[in-house]
Amino acid sequence: MKRWHLIIDIEKCENCNNCFLACKDEHVDNEWPGYAAPQKGEGKGWIEVLGKERGVYPFIDVAYLPLTCMHCDDAPCIKASKNGEVYKRPDGIVIIDPRKAKGKKEIVSSCPYGVIVWNEGLNLPQKCTLCAHLLDENWGKTRCVQSCPTGALRLAALSEDELEGLKTLEGLEVYRPHLNTKPMVLYKNLYRFTHCFIGGSVATIIDGKEECLEGARVTLTKDGDKIIGETKTDCFGDFKFDRLEEDSGLYTVKIESPGKEGKTLQVDLKKSTYIGVIYL
Amino acid sequence: MKGAIKFLAKTEAVKKKIFAIVLYALQLKLNKTAREHDDFKKRLKEKDIVVQIKLKDNSCGRYYSIRDGVVSSKKGIHEKPDVAILFENAVVALDVLLPPRDYLATINAMKSFQIGLEGPEELTSWWMEMLCLMLNMGIEYGVDVGRGVKRYTSNTNGGPVFVYVKDGKIIRITPIEFDEKDPDPWTITARGRKFTPPKKTTIAPYTQVFKSMIYSPDRILYPMKRVDFDPNGERNVKNRGISGYERISWDEALDIVANEIKRVKREYGPGAIVNGSGSHHLWGVLGYWLSARLRFFNHIGWTPIAHNPDSWEGWYWGAMHHWGQSMHLGAPESYGTVEDCLKECEMVVFWSSDPEATGGVYAAFEGTIRRQWLKELGVQMVHIDPYYNHTAALFGGKWLAPRPATGNSLALAIAYVWITEGLYDKEYVEKNTHGFEAWKDYILGKEDGIPKTPEWQEGEAGIPAREVRALARQWGRKKTYLAAGGLSGFGSACRDATGNEWARSMVCLMAMQGLGKPGVNMGGMQQGTPVDMNFYFPGYAEGGLSGDIANTASAVNLYVRMPHLPTVNTVYQMIPRLRLPEAILEGHTIGYPTDPKTIEGQFRKFEYPAPGYPKVRMYYKYGGSHFGTMCETNRYARMYRSENLEFVVNQSIWFEGEAKFADIILPACTSFERWDISEFANCGGYIQHSFNQVNNRVCIMQHKCIEPLGESKSDFQIFNELAKRLGFSIMFSEGITELDWCKRLFDATDLPKFITWEEFLKKGYYVVPPPPESMRAPVSFRCFAEGRHKDTPEIAPLPADYTEEVFKGLQTQTGKIEFVCSSLVRFDPDDPERPVMTKYIPAWEGHHTKELYGKYPLQLITPHARYSFHTMGDGKRSWVNDIPEHRVLINGYYYWIVRINSKDAAARGIKNNDLVKVFNDRGAVICAAKVTERVPPGTVHSYESSAIYDPIGEPGESPDRGGCMNILTPSRPIIKKSHSIAANSCLVEVEKWNETDGGGR
């Protein structure tokens, strides 16, 4: 049986928030009986876009992570609901029953991803329904996917085999896998949000003038001589090693260029780091 | 049938007989319609009157008695009908009356006084409306999608949409996904790959949020009067912006406004009424601010508020002198550039260019996928912007952050590297440009002793010299596109104290690299798609139903395609928009026009008051955006409270901004509550063919999706109601409804060749098929680079502006790109603010203005907002306010955001989401601080265009916590001989704000 999966490419998300707004459009002032009561107009929605800046001026990048219900196979919210207030459909969608769940505030705190919202007015825990009311009418996609202009959000009905194939092909990952909830929402290029980089710029002096040094060889090592990465500086003399774990300890950056004395620096990596301009 | 009848009716006698039959048939049709349609019957019951239709000589006629919704009629002439329609003769009558409707015949008959309409305005208008309704009853529009839901279409500044309506309420708004019958998009083959955009439209955030704006609690639902305003007694103008409002009836409101129009004209003379709108309005060719509004005001005579070229400033006042392009406000044309860029280009330099923030303009995210293709192809990207903008964030590449308003120094330093290292196209410069040697001498320092080296640049823009050299060498060696502005010539760096010189240098740099050669051109994939350039559909700047040939682009196409009565403003007086407060408070000011017909259009200085005209006394404002969008806007708050303004009326959808400073407020409805017709991203006028930003041209029937909320009315209807009181309703409406105007405009386009009105009305949209590859528009400037006649499909420049043969060369006097500008040599060669060739002129507010810089050491930039479009989308309790990069909710209040570098924040003890006061001598704004690395130390970033103005004390004199950053920006023009905005040269200080320091809400 094919089940629904939301696939999110971090590299294609530009924080336009059309997903957040389309979700509001579909659910605010609209009741979808059996699926969801109306969403609140103001405040936190059922999908939000988290942002992350990496690095320091002038060497930075920015990534965004749309976060919504993970529709987990091993969902803590289902465990927390004693009387079937939350249930998982055969197609994978996790639904909070809008009638049964009235007053069950504990469901909100059961979610380790923090994507269940308490609707004070309706006395109801609420979250993303993956627009099940639309999928059941062959709409074919969720509203957030429909309004996403960049292709960052995709909805796919996949068999187990297809899912495994896609995971390998596109390097899909689970966000915060240590929570062990088996999400059906998967991310591509997740490192842009979860991992960090070491960047730097290499310069030299030619005829008394500072010049960017292109093509310098930069090697990143850890724990003595274990090579983590090798790269060459670009036309601006810049280099960047990405996909490093935050707080992952001491690294050594070695910079070499033919005919010049090389340099070696140590970096104690906490979060994304720009080591500045290195002169050879 | 019409032709056949006219052919058969050879004698006057036969014609009269046919006329008599038509008159009899009219009674039958009226009654039949009333029987079949309760709505019509209900309307018909509104009046019990006698209407006469006859020939002027009384030789033939019939009169109709309408009683309780039933029409009876009698052949002959009535002695005292309530309404009479008179025709010169039977020929004219049949031309006008026989279907299909012939607007040209009707207009010709009206202009020649061959038709007469007699009776009170109220009754004649009603009767004409009944005749329209009779023909439109039972029309079908929209698509039934089941379960009582109907899918309509509409269009917005951020893209066209499907609108799902149930029980008279909008439940859903989505982008348009085309069906299998719609044509496939184009395909570009480049570098061994095929690129095709998706078969759908994209929408901007401020479009996705429309439902919350339509049903906003801030909607004005009834006409209102300021509680302490008495038109016949004490007006209490000092209380504007302070006092509350009370609901009044439409009759009372319209009577007050109509009486005030008459009074100020009577007491002061023509031109004492000033009117202005925001730069934008809700989308629609007929409903935009250049349509019904102009038609109305031209009928009463008015002093227009002259717009500055607001988003183009430096291109208009500066760059234009180098290459013409006047009809694009000095920005370049862009045909064929998407295909050329995909095939040939090796690097794109985005310089003050953030198309991902603004969607170019009106084009939602249509350009995004095209830039994604560039990234997939590995084309190098460089971003020059003091803010790490959204385009840089999405696509990556080198980021260079010059100090604001110093970009020209960086440009000159690049030119220096090219000159000294031989990295420019000498042959092109020799053949296609004028005056290079003089500029070269300036660059090398032969003129002023200062070589414009990358090191010299470091003291101005602050970019490391080595990076400037690296960029210049890449650029000099690679085929490079320069994206200057979000779409070419649009946006931030041209809106600062050195904006002219920056834009000028952009042209000079491209001239050195061979503008127009393969892979060397302007743009960042935002414009220049291979859509059909020749299918005609008007943009909003073509004036819609305005009939204003002088002040819109109507004359180019629309006026002759859609016969309608012309309208003329007889008042030769105008007020520059940025000087309105001075005009009111001081009684005089000067300006320079935005007249893009020709380069010299901008030189014609004008004065207010104009000779023989009174100062303005009445302000009829359309919307309420100026606190957020003009400069040094506390001036506007002070202006509103001046005794010199005797009466202020605001016609607005939402209760926000300036609407709260009016004496009378007229509630307008949104475009979802009225009929209109338009095309995706087609504005026409200054950005002719602006639809070449979209991937699929889509013409849209803007259905009246729901009834107007409350007692709100469309702008057209409000104006028509006033027109009735001022005696020109029939001239204003031409006796037809808004839906009929849509049909009339439909008939004026190329649509009827491909789709019937009925089908268009039902389906709601038409996708214009892309032309075959061999028929695509040529690449802009290619013909110029190759010395050929102009071959791109536009009529700019106008024939007289070519120096040699028409279509040969550019618009400049030499026909070449001019490093030394002939037009400036002629106009004012000694103007130190605008020299004949571009030079580095330090900003008049910046790091060289030592005293001010010492007091206010942070430079604020306020580009166009991302999630809102001018004031649309912001405030109004729209969902946009909950986007964390738009506003931040602190203690129950949604604050505007100012972005500050971590070092500057730390030095001031400011943490993320702290409330801060951003201030200078011009005022103060309370914001939420966002501590970020996306701006360098010394620069702070926010957006312009807050919809909310919420002073915590006296309006115009106290800090605003609504977020109108333009309170802080200078009102000084870029140069004195211009009417321009320099908002991005703005020194401020930022300090922590304690919320208990000011009032609450």
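On a predicted model such as this, the values are computed, not experimentally measured, just so you know.

K.L.:
Help me understand the overall build of chain A in this model?
P.N.:
On a plain count of helices and strands, chain A comes out with seven helices and 17 strands. Scaling as 2.2 N^0.38, a compact globule of 280 residues should have a C-alpha radius of gyration of about 19 Å, whereas chain A reaches 23 Å, well beyond that. Judged by the C-alpha coordinates and their principal axes, chain A covers about 75 × 35 × 30 Å. The 280 residues of chain A split such that 57% are buried.

K.L.:
Where do I start with the domain arrangement of chain A in this structure?
P.N.:
Size of an interface: often given as the accessible area lost when the parts come together. Residues and elements named next belong to chain A. Partitioning chain A into domains gives domain 1 (3–193) and domain 2 (196–279). Each of domain 1 and domain 2 has a C-alpha centre, and these two points are 39 Å apart. Taken together, the contact pairs nine residues of domain 1 with 12 residues of domain 2. Buried area between domain 1 and domain 2, both sides added, is near 870 Å², and the carbon and sulfur share of it is 63%. Of all residues in domain 1, Arg54, Phe59 and Tyr191 bury the most surface against domain 2, accounting for 67% of the area lost on that side. Connecting domain 1 to domain 2 are three salt bridges. Among the salt bridges present, the one from aspartate 61 reaches lysine 240, with a minimum N-O distance of 2.8 Å. Seen at the junction of domain 1 and domain 2, the total is three residue pairs in polar contact (both at pLDDT 80 or more). Counting residues per element, the ones that place at least two in the side of domain 1 that touches domain 2 are strand E2 (47–56) and strand E3 (59–68). Split by residue class, the side of domain 1 that touches domain 2 holds five nonpolar, one polar and three charged.

K.L.:
Would you mind going over the interface of chain B and chain A with me for this structure?
P.N.:
Contacts between chain B and chain A engage 54 residues on the former and 53 residues on the latter. Carbon and sulfur atoms make up 51% of the area that chain B and chain A hide from each other, which totals about 4400 Å². Taken as a group, Arg172, Arg466 and Trp879 of chain B account for 17% of the area that chain B buries against chain A, more than any other trio of residues on that side. Scanning the region where chain B abuts chain A turns up nine salt bridges. In this structure, the salt-bridge partner of arginine 473 of chain B is glutamate 211 of chain A, at a minimum N-O distance of 2.8 Å. Our count for the chain B to chain A interface comes out at 25 residue pairs in polar contact (both at pLDDT 80 or more). Among the secondary structure elements, those contributing two or more residues to the side of chain B that touches chain A are strand E9 (169–175), helix H7 (205–208), helix H14 (368–376), strand E17 (380–384), helix H15 (390–395), strand E18 (398–400), helix H20 (465–477) and strand E34 (893–901) of chain B. In terms of residues, the side of chain B that touches chain A owes the most to one element, H20 of chain B, which gives seven residues.

K.L.:
For this particular structure, what's the right way to read the packing of helix H16 (residues 407–421) of chain B against H20 of chain B?
P.N.:
Residues and elements named next belong to chain B. Across the interface, H16 lies against H20 with an axial gap of 9 Å and an inter-helix angle of 60°. Considering only the axes of H16 and H20, their crossing is right-handed. Residue-level inspection shows Leu410, Ala413, Ile414, Val417, Trp418 and Glu421 of H16 in contact with H20, the latter providing Val468, Arg469, Leu471, Ala472, Arg473, Trp475 and Gly476. Looking at the contact of H16 with H20 residue by residue, the classes come out as nine nonpolar, one polar and three charged.

K.L.:
What is the right way to read unusual backbone geometry from this model?
P.N.:
Backbone phi values are negative for most residues with the exception of glycine, while trans is the configuration of most peptide bonds. Going from tyrosine 57 of chain A to proline 58 of chain A, the amide bond is cis rather than trans, its omega being 5°. Mapped onto the secondary structure, proline 58 of chain A falls in the loop between E2 and E3. Cis geometry is adopted by the peptide bond preceding proline 609 of chain B, which originates at tyrosine 608 of chain B and carries an omega value of -5°. On the secondary structure map, proline 609 of chain B appears in the loop between strand E24 (606–608) and strand E25 (618–622). Positive phi values are uncommon outside glycine, yet asparagine 15 of chain A reaches one of about 65°.

K.L.:
Please explain the packing of helix H2 (residues 12–36) of chain B against helix H6 (residues 121–136) of chain B as it appears in this structure.
P.N.:
How two helices sit against one another is set out by the angle between their axes and by the gap between those axes. Residues and elements named next belong to chain B. Packing of H2 against H6 leaves a shortest axis separation of 10 Å and a crossing angle of 70°. In this view, H2 runs roughly perpendicular relative to H6, as classed from their interaxial angle. Together, Leu26, Lys29, Leu30 and Thr33 of H2 and Trp127, Leu131, Met134 and Leu135 of H6 make up the contact between the two elements. Residue composition of the contact of H2 with H6, grouped by class: six nonpolar, one polar and one charged.

K.L.:
How should I be thinking about the side chain of glutamine 859 of chain B in this particular structure?
P.N.:
Residues and elements named next belong to chain B. Residue placement: glutamine 859 occurs in strand E32 (residues 858–861). On the accessibility criterion, glutamine 859 (4% relative accessible area) is buried. Side-chain polar atoms of glutamine 859 contact the backbone oxygen of proline 404, separated by 3.4 Å. Dropping the residues within four chain positions of it, glutamine 859 is found in contact with Arg403, Pro404, Ala405, Gly846, Gly938, Thr939, Val940, Asn984, Ser985, Cys986 and Leu987.

K.L.:
Which parts of the structure should I look at to understand the pairing of strand E27 (residues 664–667) of chain B?
P.N.:
For a regular strand, the rule is simple: side chains alternate between the two faces of the sheet. Residues and elements named next belong to chain B. A two-sided burial pattern is seen for E27, the buried positions comprising Ile664 and Leu666 on one face and Ile665 and Pro667 on the other. Pairing of strand E12 (residues 224–226) with E27, which is carried by two bridges, proceeds in the antiparallel orientation. Paired with methionine 224 across the strands is isoleucine 665, a residue of E27. In this structure, strand E26 (residues 647–652) lies alongside E27, joined through four bridges in parallel fashion. For asparagine 650, the partnering residue across the bridge sits in E27 and is isoleucine 665.

K.L.:
Looking at this structure, how should I read the packing of aromatic side chains?
P.N.:
Aromatic ring pairs are reported here in terms of the distance separating the ring centres and the angle at which the planes meet. All names here are of chain B. Throughout the structure, instances matching the rule amount to 67 aromatic pairs over all chains. Measuring from centroid to centroid gives 5.4 Å for tryptophan 283 and tyrosine 540, while their planes differ by 85°, and the two rings are edge-to-face. With tryptophan 283 in the loop between strand E14 (273–277) and helix H10 (292–300) and tyrosine 540 in the loop between strand E21 (521–522) and helix H22 (558–561), the pair connects residues that are 257 residues apart, well separated along the chain. Residue class for tyrosine 540 comes out buried when judged on its relative accessible area of 9%. Where tyrosine 428 meets phenylalanine 784, the ring centres are 6.4 Å apart and the plane angle is 80°; that geometry is what we call edge-to-face. Of this pair, tyrosine 428 sits in helix H17 (residues 426–432) while phenylalanine 784 sits in helix H30 (residues 782–785), and the two are 356 residues apart along the sequence. Through a chain of ring-to-ring contacts, three or more aromatic side chains come together here, namely Phe296, Phe297, Trp302, Tyr620, Tyr622, Phe716, Phe719, Phe728 and Phe732. When the ring centre of phenylalanine 162 is taken as reference, the NZ or CZ atom of arginine 151 above it lies at 3.7 Å. Directly above the ring of phenylalanine 691 sits arginine 697, whose terminal nitrogen or CZ lies 3.5 Å from the centroid.

Parameters at a glance
Residues numbered from 1 in each chain as written. Chains lettered and ligands numbered in written order. Predicted model: local features only at pLDDT ≥ 70, side-chain atom pairs only at ≥ 80, totals over all residues. Heavy atoms only, no water. Helix = DSSP H or I, 4+ residues; strand = E, 2+ residues; numbered from the N terminus. Rg over C-alpha atoms; globule rule 2.2 N^0.38 Å. Buried < 20%, exposed > 50% of the residue type's maximum accessible area, 1.4 Å probe, protein only. Domains from an automatic or database assignment. Contact = heavy atoms within 4.5 Å. Buried area = accessible area lost by both parts, 1.4 Å probe. Salt bridge = Lys/Arg side-chain N within 4 Å of Asp/Glu carboxyl O. Polar contact = N/O pair within 3.5 Å; in protein donor to acceptor, adjacent residues only side chain to side chain. Nonpolar A, V, L, I, M, F, W, Y, C, P; charged D, E, K, R; others polar. Axes fitted to C-alpha atoms, helices over the stretch in contact; angles between N-to-C directions. Left-handed = near helix turned anticlockwise from the far one by under 90°. Parallel < 35°, antiparallel > 145°, perpendicular 65-115°, else oblique. Pairing = 2+ DSSP bridges. Phe/Tyr/Trp six-rings, centres within 6.5 Å; stacked < 30°, edge-to-face > 60°. Lys NZ or Arg CZ within 6 Å of the ring centre and 35° of its normal.

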